[in-house]
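Residues per chain, in single letters:
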Amino acid sequence: MGERCCAAVVRVLVLQAAWALSGGQVRYSVPEEAKAGTVVGRLAQDLGLEAGEAEARRLRLVAPGRRASVEVSGASGALVVSSRLDREELCGKSAPCALRLEVLLERPLRVFHVQLEVTDINDNAPVFPAARKNLSIAEWTTLPGSRFPLEGASDADIGANAQLTYTLSPNEHFSLDLQKTEEDGESLFLVLRKSLDRETIPVHRLVLMATDGGRPSLTGTLELVISVLDVNDNAPQFNQSVYKVQLPENAERGTLVIRLNATDLDEGANSNISYSLQILSPQDGRNIFGIDRNSGDIRLTDDLDFEDVSLYRLQVDATDKGTAPLSGHCKVVLEVLDVNDNAPEVWVTSLSVPVPEDASLGTVVALLSVSDRDSGENGRVRCWVWPASPFGLEATFAGSYSLVLREALDRERVSEYEVEVRAEDGGAPALRASRGLRVPVSDVNDNAPLFAQAVYTVLARENNAAGAELARLWARDPDEAANGRVSYSVWDGGVGVGGGGAAGSSSGGSGWRPASSYVSVDAESGRLWALQPLDYEELQVLQFEVRAVDAGEPPLSGNATVQLFVLDENDNAPALLPPAGLAAEAGGAAAAAAEAALALAGAGSESGTLWAWAAWGAPAGQVVAKIRAVDADSGYNAWLRYELWEPRGKGPFRVGLYSGEVSTARALDEADGPRQRLLIVVRDHGEPARSATATLSVSLLEAAEAALAAGSSSSSLSAVSRSAAGVELGAGAASAATNVWLVVAICAVSSLFLLAVVLYGASRWAPRAAVLSGPGPTTLVCASEVGSWSYSQRHSRSLCVADGAAKSDLMVFSPNFPPPPPAPAAKDTQPEPSVLLDTVREKTGD
């Protein structure tokens, strides 16, 4: 039977707890004056938390605006008394005494409301306003049944503990009368039962005892000293025993509260009345009223405050000036009317900052408590947030609000918000209050570095110093701290390098060189600098990508393309080329229009020796030889001009300024001698200009010998090396071997003609791409009256991009250096006929 009763009680308690939690509020009660450490209730268990969860989720108590006197035990989660609880200090005479507390629980953030009722114990004894009360009562004229008001005792407790009973020490003349009315509460009177005789007992000393209803009961005493006076048998009388007055709480000092008038039927000094005032409640020691002793006017001497005291009870005594003064009494009940004189108060009970910029909508940023000490419409508060976005208020309980996130945040746009919570009451005029909150936004790595340009074009002159700064790249990351700290690196790109020191396509049998072998970028500053001197003849364009990566988690990156163009400098002097062989002049006879054969003695030197033949009697304008040179530079730096340095004046030969053709300036005769030595300077247009010199030795022969030399020169290409090696043949030996060389020349011409036909057919039908991508040194000499332009060989170079594939969108033309010729021959040695490469053949008989 006992177990069933216990189970029923447990079920009832569980249902009550569940009902309380479902309503969002837990109620406890604790007697006042409970010792520190007294357990009020198992808060964590009543909130449904597991063991240890209260401490892990930081279960704590928030009591806005007052000292709570209770706290939450971190280990057990129980609500315990932390300091002295005095119900009279907390609530005064209010009943019940309920404290509203807020309990916060984190991860996730939740708020619970706890109502703590402090129950009264009998810890306050009744107290009279004074320890002694003096009364004066006239003999005989004061009839039995006369009543004398007494000030009752007060008890700070409530309920049964504050219910007082009065007893008077035993005597035959006086008794007590306690009257209770709804209007003025309890009234205590001393009643005269028997007329007094001053001559028998001049002074009566009585003890008035007040006993409360507590257990055990407490008492308070008042000594009554009653003096018996003589013959003034009419006391002053008021029109009413109780006067009711209403006054607004904002009434100024000096305001008239009420004007009282008492009358005395006696005459003379016994009818002159003086007034006195006494505050019955509240007994807080403040004298906020004053009375004129002669007129009975009651005025304000201090400020009223409805929120502190809403009702005053005053006692006014009117006393005559007779030999035995008599007094009349009345009560004044003053009701204080509320005005809207208190602005709302906004308290921040919890603030969770900073808020990450990727916080989800509905995130609770702060908890606030709003109150107004006024009552009615004056105490009804309306709250809102200014500015409205991106935060808003949500009411969680009466007077409690949550500041929540309504819109997405972006730290790069707004890094900190100044939020103002505004409150307005319903009074007229309405009063407002506000509370400012600073809500910083913390950064997340949501922005990748962004370069100012997608493509950077950088111009750099060749032969720059290693380590020279080429450009500065900068990428902006609006994030902060590590999320905005950018580091740079050369990501990809490169160029194919072909043979002969020139850059070419990697698909044409050349090697691949990454961009990082040419340039580097400083990881912190983005300074782009060269790792080695750049050579325009090797590299004209380098394209690569620079990557900027931030230090966030995870890191984000951005790319920019850099196009590095190398500018040419005049760092290469013109170089003489070996002879190209026989060439027939268009529209003329084969032998007469042939180019003069040139034999190089030390190609690439400042003054190589070239040999050529010319026939006596050759007309003016006849091309004897052609000087061929090339400059590895480009543009004006490779634009060549030819000048005849020696002999100066009117010689038999001249040189084309831009063509390099050596021709007769007039008809040749025997007076010009057997041989002419010409010094030719080849100069480019660079700043400063660079030059090379060639020495051309022209031998003057008879027409038959010149024709024989021209026929044999085409078959004696192999003799160039011998000529370059210094083989010397005298003029007499050349004349003696004329017949032999004639036969050799005829065979050589036939062989060359057959070879030319085969090569022409092969070049005609061969695929064009193979010709362009082949490694052979295809020489293109642009000769005209205007000049020899900058490039003498065309190479197809492809710009290599990130994936390594060859693209032929950009074609770059660059010079080419042929292999060095054999060693030079002696300058003054006459070459034999087999060494002659090109000879101008005159037409015989034309």
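Above: the structure in question.
Report on the accompanying structure. The shown structure was predicted, so the numbers you read here are calculated from the model rather than taken from an experiment.

What counts and how
Residues numbered from 1 in each chain as written. Predicted model: local features only at pLDDT ≥ 70, side-chain atom pairs only at ≥ 80, totals over all residues. Heavy atoms only, no water. Core = buried A, V, L, I, M, F, W, Y, C linked by side-chain atoms within 4.5 Å. Buried < 20%, exposed > 50% of the residue type's maximum accessible area, 1.4 Å probe, protein only. Helix = DSSP H or I, 4+ residues; strand = E, 2+ residues; numbered from the N terminus. Contact = heavy atoms within 4.5 Å. Phe/Tyr/Trp six-rings, centres within 6.5 Å; stacked < 30°, edge-to-face > 60°. Pairing = 2+ DSSP bridges. Axes fitted to C-alpha atoms, helices over the stretch in contact; angles between N-to-C directions.

Considering the nonpolar core
One finds Phe451, Leu470, Tyr488, Phe544, Val562 and Leu564 to be the most contacted residues of the largest nonpolar core, which totals 27 residues. Of all the secondary structure elements, the ones that give two or more residues to this core are β33 (455-461), β34 (469-472), β36 (486-497), β38 (519-521), β39 (527-530), β40 (541-550) and β41 (557-567). Once residues lying within four places of it in the same chain are set aside, the contact partners of valine 562 are Tyr456, Val458, Leu473, Leu528, Leu542, Gln543, Phe544 and Val546.

Brief notes about unusual backbone geometry
Cis geometry marks the peptide bond from tryptophan 386 to proline 387, where omega comes out at -5°. The topology assignment puts proline 387 in the loop between β27 (381-386) and β28 (391-397). Across the junction of glutamate 553 and proline 554, the peptide omega takes the value 0°, indicating a cis bond. Mapped onto the elements of the fold, proline 554 is located in the loop between β40 and β41. For asparagine 463, which is not a glycine, the phi torsion comes out positive at approximately 65°. Take asparagine 463: it is sitting in the loop between β33 and β34. On the basis of relative accessibility, which here comes to 45%, the residue asparagine 463 falls in the partly exposed class. For alanine 481, which is not glycine, the phi dihedral falls at a positive 55°. Its relative accessible area of 62% is what places alanine 481 among the exposed residues.

As for the packing of aromatic side chains
Aromatic ring pairs are described here by two measures, namely the spacing of the ring centres and the angle between the planes. Going through the model one piece at a time under the given rule, you end up with eight aromatic pairs. Taking 5.5 Å as the distance between ring centres and 90° as the angle between the ring planes, the aromatic pair formed by phenylalanine 391 and tyrosine 417 counts as edge-to-face. Separated by 26 residues along the polypeptide, phenylalanine 391 in strand β28 and tyrosine 417 in strand β30 (residues 416-425) bring together distant segments of the chain. Each of the two residues, phenylalanine 391 as well as tyrosine 417, counts as buried.

Points about the sheet that holds strand β25 (residues 355-356)
Strand order in the open sheet made by the four strands is β25-β31-β30-β27, with mixed pairing throughout. Only two strands of the sheet have a single neighbouring strand rather than two, namely β25 and β27. Sheet topology places β27 next to β30; six bridges connect them, and they run antiparallel. Counterpart to tryptophan 386 in the pairing with β30 is glutamate 420.

Thoughts on the pairing of strand β31 (residues 432-442)
For a regular strand, side-chain orientation follows a simple rule: the groups alternate between the two sheet faces. Judged from the two bridges that link them, β25 and β31 form a sheet pairing that is parallel. Each residue of the ladder has a partner; that of proline 356, found in β31, is serine 442. As paired strands, β30 and β31 are joined by nine bridges and run antiparallel to one another. The residue bridging glutamate 424 from the neighbouring strand is arginine 432, located in β31.

Some points on the sheet that holds strand β21 (residues 297-300)
Taken together, the three strands give an open sheet; going across it, the order is β17-β21-β20, and neighbouring strands pair in antiparallel fashion. Of all the strands in the sheet, just β17 (256-259) and β20 (289-291) have a single pairing partner and so form its edges. The mean angle between the axes of side-by-side strands here comes to 20°, regardless of whether they run parallel or antiparallel. Taken together, the three bridges between β20 and β21 define a ladder with antiparallel strand orientation. Bridging from a neighbouring strand, glycine 290 pairs with arginine 299 of β21.

These figures come from the coordinates and say nothing about function on their own.
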